[in-house]
Amino acid sequence: MTELLEKQASPRPAARESRAEATPGEPAHLELAAVSLRYGEVRALENVSLRVPRGSIVALIGANGAGKSSSLRAITGLRKVAAGEVRLEGRVINSRDTQEPTHALVRQGVAMVPEGRHVFPYMSIKDNLLMGAYTRRDKAGIATDLERVCERFPRLKERFHQHGSSLSGGEQQMVAIGRALMAKPRLLLLDEPSLGIAPQVIRLIGRSLLEINRKDGITVVLVEQNSRMALALSSYAYVLETGRVALEGPSKELMTNEHVKRLYLGG
Ligand SMILES: Nc1ncnc2c1ncn2[C@@H]1O[C@H](COP(=O)(O)OP(=O)(O)OP(=O)(O)O)[C@@H](O)[C@H]1O
Ligand SMILES: [Mg+2]
């Protein structure tokens, strides 16, 4: 993973990529500004600010219940924020006054790989993948992208006509990522893609995410409990603890941070 990280860092100047500050005149691809989110009395997010520069991989790590999925819910509009703003390319998509419907975000280039993958069990792999392209009308483009997903994950091609239910967890994750790519996103959000998956498949998925980011230029927000994977793949990371940003910084620096090492990297 470390060599992959170095490769990823090379195409752009590190300083530009690894800072989460605003670049004058250019809005971040995605930004949360002082976002709070509640479920009734439960304060899931408190004053969370984070910035995802265009073309970057940004990781969000934290323990169970830290607020990782809630951050994604704030971004995708699945839950209205109680305070603060979520901005996509500078435009407010979730605030106390605005809530962009989730389906509208697909047309704005946002795709999500949800926790638990949600592969349709009685649909073929092919149809599962095509579900991701439901907003598109460009038949030729859809066919090309289906081919590209199969090149990226050859195992899916081999099982193209089998039901989703016949796949292993790792293969289902490939379907979920492939389906998100079929929407032709500019921003890809992933909620714990490594969950319950064998180490060699985690590495394969990690490599795919780097390629998706570098070759296709897709911005990636990677939510993970697998901090080692997330820090190896990302250029910048945020550590969430009980709904707050406890720590943030370039991923390489967080890897050697004592607090992160002790709590998130197993010493
Ligand atoms: N629908 C809900 N109703 C009430 N409380 C909720 C709901 N969803 C999440 N919470 C609470 O909000 C907090 C943040 O949850 P969230 O799902 O964002 O955490 P997470 O970091 O994604 O955790 P995990 O690693 O377990 O997926 C937790 O205290 C959780 O119990
Ligand atoms: Mg979660």
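Quick notes on the rules
Residues numbered from 1 in each chain as written. Chains lettered and ligands numbered in written order. Predicted model: local features only at pLDDT ≥ 70, side-chain atom pairs only at ≥ 80, totals over all residues. Pairing = 2+ DSSP bridges. Helix = DSSP H or I, 4+ residues; strand = E, 2+ residues; numbered from the N terminus. Axes fitted to C-alpha atoms, helices over the stretch in contact; angles between N-to-C directions. Contact = placed C-beta atoms within 7 Å. Core = buried A, V, L, I, M, F, W, Y, C linked by C-beta atoms within 7 Å. Buried ≥ 20, exposed ≤ 12 C-beta atoms within 10 Å, placed from the backbone. Near = placed C-beta within 6 Å. Nonpolar A, V, L, I, M, F, W, Y, C, P; charged D, E, K, R; others polar.

Novice: Would you take a moment to explain the sheet that holds strand 3 (residues 57-62) for this structure?
Specialist: Sheets are built from strands paired through backbone hydrogen bonds, the pairs being either parallel or antiparallel. What the six strands build is an open sheet, ordered 6-7-8-3-9-10; its pairing is mixed. Each of the sheet's edge strands pairs with one partner strand only, and the pair in question is strand 6 (110-113) and strand 10 (244-250). Here the average twist between neighbouring strands, direction ignored, is 15°. Across the sheet, helix 3 (residues 68-76) touches strand 3, strand 6, strand 7 (187-191), strand 8 (219-224) and strand 9 (236-241), and the angle it forms with strand 7 is around 150°. Helix 8 (residues 169-181) rests against strand 6 and strand 7 of the sheet, and its axis sits at about 170° to strand 6.

Novice: Where do I start with the nonpolar core in this structure?
Specialist: Within soluble globular proteins, side chains that are nonpolar tend to cluster in buried spots. Counting residues in each nonpolar core, the largest one holds 71 residues, and the members touching the most others are Ala59, Ala180, Leu188, Leu189, Val221, Leu222 and Ala237. Here the element with the most residues in this core is helix 8; it accounts for six residues. Setting aside residues up to four positions removed in sequence, Val221 forms contacts with Leu30, Val52, Val58, Leu60 and Leu189.

Novice: I keep staring at the site of ligand 1 and nothing clicks. Help me out?
Specialist: Every residue lining ligand 1 is accounted for by Tyr39, Val42, Ala44, Gly62, Asn64, Gly65, Ala66, Gly67, Lys68, Ser69, Ser70 and Gln225. Listed by contribution, the elements that provide at least two residues to the shell around ligand 1 are strand 2 (42-52) and helix 3. The element that contributes the greatest number of residues to the shell around ligand 1 is helix 3, accounting for three residues. Considering only residue class, the shell around ligand 1 consists of four nonpolar, seven polar and one charged.

Novice: So what exactly am I meant to see when it comes to the pairing of strand 6 here?
Specialist: Remark: a regular strand shows side chains that alternate across the two faces of the sheet. Judged by which residues are buried, strand 6 turns out to be covered on both faces: Val110 and Met112 on one side and Ala111 and Val113 on the other are all buried. Where strand 6 and strand 7 come together, four bridges link them in parallel fashion. The residue bridging Val113 from the neighbouring strand is Leu190, located in strand 7.

Novice: Sorry if this is basic, but what is going on with the environment of Gly170 here?
Specialist: Looking at the element boundaries, Gly170 is found in helix 8. Through-space distance from the C-alpha of Gly170 to that of Val201 is 6.1 Å; in sequence the pair is 31 residues apart. Apart from residues lying up to four places away in sequence, Gly170 is in contact with Ile197, Ala198 and Val201.

Spatial relationships are all this shows, so hold off on functional conclusions.
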